[in-house]
Amino acid sequence: MIVQKFGGIAMQNHQNRQLVIQRIQQAINNHQQVLVVVSAMGRRGKPYATDTLLDLLPLNDSSIETDLLSACGELISSAVLTTELKAQGISSTLLYGKSAGIITNDTYGNALIKKVDLSSVNQAFKNFHCVIVPGFQGFSESTHNFTTLGRGGSDLTAVVYGYHLNADVVEFYKDVPGIMTSDPFTSDNVELIPFMTYKELEEKIDEPIEVIQKRAATFAALHQVPLHIRSLYLDSEGTFVSN
Ligand SMILES: Nc1ncnc2c1ncn2[C@@H]1O[C@H](COP(=O)(O)OP(=O)(O)O)[C@@H](O)[C@H]1O
Ligand SMILES: N[C@@H](CC(=O)OP(=O)(O)O)C(=O)O
């Protein structure tokens, strides 16, 4: 069993999602079971990207409404990917909200995970090789509202499932070859770092764009969840993070 996480760039168009589907098929072939975490499609300007949705609101507070709206981006992308997988005959199903099992408090915009209920996920794996879940979203135990896990929170979703499912590895598919000495989009002469410890990863997350959400990196370090950050486009090995 492995966990794969596909971010906004990976999910942004049909062409990239075909690469996503190839990665999922490879994971099923090699590991039988794969839990797939997806983010909202694309970046600001794309119709269903998180920032595009949030730009609809006159104010960005931490509220039930803001979290409901931002959770929609991941709901849309998970519904689209699951339908595309089914259309290609790949054994898959979608779980979201309470069924996805990420149960949180009511701190809208940056909710704390109180428990992870994998009963529906485990049941789904009895019938399907691939279970798709929307990243970034939680479900409030007390109010039954959607919550969100902080910006970039799909990374945390992936790491939390990786830990609770005892996955062999959590794979992140990005628009970079892996973790580099610095952000390749803003620095020259960068090199791939093939292996890092959790401590080195946490120290590396200092760029304006976090290559992995800091909260996710901290959770992975605490629970020693093996991470593999790699390119969606290249077949190269990328970066492994462990002790
Ligand atoms: N050291 C680094 N190595 C590689 N990418 C980095 C690094 N630091 C920052 N980044 C940035 O992280 C981005 C990947 O994170 P992000 O866009 O949030 O991906 P995703 O949408 O898949 O979660 C890269 O496009 C890059 O700009
Ligand atoms: N879509 C959310 C969650 C997320 O993690 O997105 P991405 O994987 O594209 O960074 C956000 O923009 O914050």
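Thresholds, definitions, all that
What you see as residue numbers is a count from 1 along each chain, following the sequence as written. Chain A is the first chain written and ligand 1 is the first ligand written, with later ones labelled in order. This being a predicted model, a pLDDT of at least 70 is required before a residue's local features are given, and a value of 80 or more before pairs of side-chain atoms are given or counted; all residues contribute to the totals for chains, interfaces and linings. UniProt positions are given in the numbering used here, feature names are shortened, and annotations may be inferred rather than shown by experiment. Only runs of H or I of at least four residues qualify as helices and only runs of E of at least two qualify as strands under DSSP, and these elements are numbered from the N terminus. To decide whether a residue is near a molecule or strand, its C-beta atom is placed from the backbone and checked for lying within 6 Å of it. Residues are grouped as follows: Ala, Val, Leu, Ile, Met, Phe, Trp, Tyr, Cys and Pro are nonpolar; Asp, Glu, Lys and Arg are charged; every other residue, Gly included, is polar. A residue is called partly exposed when the number of other C-beta atoms within 10 Å of its own lies between 12 and 20, exposed at 12 or fewer, and buried at 20 or more, with C-beta atoms placed from the backbone. To form a nonpolar core, buried Ala, Val, Leu, Ile, Met, Phe, Trp, Tyr and Cys residues must be joined through C-beta atoms within 7 Å. Contact between residues is assigned whenever the C-beta positions, reconstructed from backbone atoms, fall within 7 Å. In this scheme, strands are said to pair when DSSP sees at least two bridges between them. The handedness rule is simple: strands pointing away from the viewer, and a clockwise path from the first strand over the helix to the second, make the crossover right-handed.

A.B. asks: Could you give me a rundown of the UniProt feature "domain: Aspartate/glutamate/uridylate kinase" (unreviewed entry) in the protein, with the residues and numbers involved?
C.D. replies: Under the UniProt annotation, "domain: Aspartate/glutamate/uridylate kinase" (unreviewed entry) lies at residues 1-231. Taken as a whole, residues 1-231 contains 35% helix and 19% strand, while its terminal C-alpha atoms sit 20 Å from one another.

A.B. asks: Describe in detail the site of ligand 2, supporting the description with residues and values.
C.D. replies: Close to ligand 2 lie 13 residues, the nearest being Gly-7, Gly-8, Ser-39, Thr-50 and Ser-154. Here the residues of the shell around ligand 2 sort into two nonpolar, nine polar and two charged.

A.B. asks: I'd like to hear about the environment of His-14, residue by residue, with values.
C.D. replies: For His-14, the position within the fold is in helix 1 (residues 14-31). Taking the number of C-beta atoms within 10 Å as the measure of exposure, His-14 has 8 and is therefore exposed. Sequence separation between His-14 and Ala-220 is 206 residues, and the spatial gap between their C-alpha atoms is 31 Å.

A.B. asks: So what's going on with the environment of Asp-55? Residues and values would help.
C.D. replies: Positionally, Asp-55 belongs in the loop between helix 2 (50-54) and helix 3 (64-87). You can call Asp-55 exposed: it has 11 C-beta atoms within 10 Å. As a C-alpha pair, Asp-55 and Ile-2 span 53 residues in sequence and 35 Å in three-dimensional space.

A.B. asks: Got a sec to walk through the nonpolar core? Specific residues and values, please.
C.D. replies: Counting residues in hydrophobic clusters, the biggest one holds 56 residues, and the most contacted among them are Val-3, Leu-35, Val-36, Ile-132 and Val-159. Those residues in contact with Ile-132, other than ones at most four positions away along the chain, are Val-36, Val-38, Ser-78, Leu-81, Thr-82, Ser-92 and Leu-94.

A.B. asks: Residues and numbers for the site of ligand 1, please.
C.D. replies: Around ligand 1, the structure places 18 residues, and the nearest of them are Gly-7, Met-180, Asp-183, Glu-207 and Val-211. Partitioning the shell around ligand 1 into residue classes produces eight nonpolar, five polar and five charged.

A.B. asks: Could you give me a rundown of the pairing of strand 2 (residues 34-38), with the residues and numbers involved?
C.D. replies: In terms of residue burial, strand 2 counts as a mostly covered element, since five of its five residues are buried. Both faces of strand 2 are covered, namely the face carrying Val-34, Val-36 and Val-38 and the face carrying Leu-35 and Val-37. Two elements, strand 1 (residues 2-6) and strand 2, share five bridges in a ladder whose sense is parallel. Each residue of the ladder has a partner; that of Gln-4, found in strand 2, is Val-36. Once you follow strand 1 into helix 1 and on to strand 2, the crossover reads as right-handed.

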